[in-house]
Amino acid sequence: KQEVTQIPAALSVPEGENLVLNCSFTDSAIYNLQWFRQDPGKGLTSLLLIQSSQREQTSGRLNASLDKSSGRSTLYIAASQPGDSATYLCAVNQAGTALIFGKGTTLSVSS
Amino acid sequence: NAGVTQTPKFQVLKTGQSMTLQCAQDMNHEYMSWYRQDPGMGLRLIHYSVGAGITDQGEVPNGYNVSRSTTEDFPLRLLSAAPSQTSVYFCASSPRRDTEAFFGQGTRLTVV
């Protein structure tokens with residue numbers, strides 16, 4: 001059974017720092033991996049999607065990498081801002097039917 | 001485009017009542033799914049559909065029914081609400097099995 005783990009569970013950084021969020025999964029047979037952002041009481045906003053054949057994807061200050069063989073993905077956030085404060089979720093698409101989620105990393109960026 | 005629309009946003013039910021959570025998407029996506037989000041448990045899959053007329057169970061299907069009569073709509077029915085079904089429910093859709101998933105804003109359900 002696929003299991004997705006996110007470390008750390010919570011992270012606090014001062015504004016301007018570069019940071020890395022980690023996601024690991026136990027079964028490398030995936031279609032893709034997707035990173036989401038969730039603000040308190042809100043829905044999920046898709047940040048980046050990495051297909052199983054890709055190594056990384058970039059969007060603005062965000063860069064996500066995927067190492068399928070080792071079962072790892074990282075989300076790199078450059079020059080963090082208070083507006084980046086949210087919970088970040090990673091999810092793997094296995095069997096192409098639905099997503100299996102980690103429990104998230106809650107990020108707090110202080111000004 | 002409206003994207004994925006869920007109604008209602010909030011609902012309080014009494015134990016034993018039934019209700020339907022609505023989910024509609026206007027992107028002509030084939031894949032739709034329902035998740036519940038609970039503190040400490042993350043998001044867990046309830047049911048999913050790979051196209052109109054086709055549904056299947058996810059990780060936590062007990063107490064819920066779904067149907068998919070059209071591409072656009074994927075309602076989730078609670079047959080007899082229990083306090084354990086207090087949760088936030090999310091609906092998602094995607095064009096194909098290997099593409100980006102889009103989520104609705106959620107329905108916060110409380111069963112008393």
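Before any of the text, the structure's been laid out above.
This report concerns the structure included in the present document.

Definitions and cut-offs
- Residues numbered from 1 in each chain as written.
- Chains lettered and ligands numbered in written order.
- Predicted model: local features only at pLDDT ≥ 70, side-chain atom pairs only at ≥ 80, totals over all residues.
- Heavy atoms only, no water.
- Buried < 20%, exposed > 50% of the residue type's maximum accessible area, 1.4 Å probe, protein only.
- Helix = DSSP H or I, 4+ residues; strand = E, 2+ residues; numbered from the N terminus.
- Pairing = 2+ DSSP bridges.
- Axes fitted to C-alpha atoms, helices over the stretch in contact; angles between N-to-C directions.
- Phe/Tyr/Trp six-rings, centres within 6.5 Å; stacked < 30°, edge-to-face > 60°.
- Lys NZ or Arg CZ within 6 Å of the ring centre and 35° of its normal.

## As for the pairing of strand β5 (residues 42-51) of chain B
Residues in a regular strand point their side chains to alternate faces of the sheet.
All names here are of chain B.
Phase 1 of the analysis: With nine of its ten residues buried, β5 lies for the most part within the structure.
Phase 2 of the analysis: As judged from the seven bridges shared by strand β4 (residues 31-38) and β5, these two strands associate in the antiparallel manner. Bridging across to β5, Gln37 finds its partner in Leu43.
Phase 3 of the analysis: Counting the residues between successive antiparallel strands, the hairpin from β4 to β5 contains three residues, one of them, Gly40, with a positive phi of roughly 80 degrees.
Phase 4 of the analysis: When β5 meets strand β6 (residues 54-57), the two strands line up antiparallel, connected through three bridges. Looking at β6, one finds that Gly51 is bridged to Ile54.
Phase 5 of the analysis: Hairpin connection from β5 to β6: two residues lie between these consecutive antiparallel strands, with Gly53 at a positive phi of about 85 degrees.

## Quick notes on the sheet that holds strand β1 (residues 4-7) of chain B
Residue and element names in this part refer to chain B.
Phase 1 of the analysis: Here we have four strands laid out as an open sheet, ordered β1-β3-β8-β7, and antiparallel in their pairing. Two strands in the sheet have a free side with no partner beyond their single neighbour: β1 and β7 (64-66). Strand-to-strand twist across the sheet, computed as the mean angle between neighbouring axes with direction ignored, equals 20 degrees.
Phase 2 of the analysis: Bridge count for β7 against strand β8 (residues 76-78) is three bridges, and the pairing is antiparallel. By the bridge assignment, Tyr64 is partnered in β8 with Leu78.

## Side note on the packing of aromatic side chains
Phase 1 of the analysis: In this structure the tally under the stated criterion is six aromatic pairs over all chains.
Phase 2 of the analysis: Taken together, a centroid distance of 5.7 Å and an interplanar angle of 40 degrees make the contact between A:Phe36 and A:Phe101 tilted. Of this pair, A:Phe36 sits in strand β4 (residues 32-38) while A:Phe101 sits in strand β10 (residues 98-101), and the two are 65 residues apart along the sequence. The residues A:Phe36 and A:Phe101 share a single accessibility class, namely buried.
Phase 3 of the analysis: Pairing A:Phe101 with B:Phe103 gives two aromatic rings, centres 5.9 Å apart and planes at 80 degrees, and the pair type is edge-to-face. Here B:Phe103 lies in strand β10 (residues 102-103) and A:Phe101 lies in strand β10, a pairing that spans two chains.
Phase 4 of the analysis: Among the aromatic residues, those joined into a cluster by ring pairs are A:Phe36, A:Phe101, B:Tyr35 and B:Phe103.
Phase 5 of the analysis: Residue placement shows B:Arg68 over the ring face of B:Phe74; its charged tip is 6.0 Å from the ring centre.

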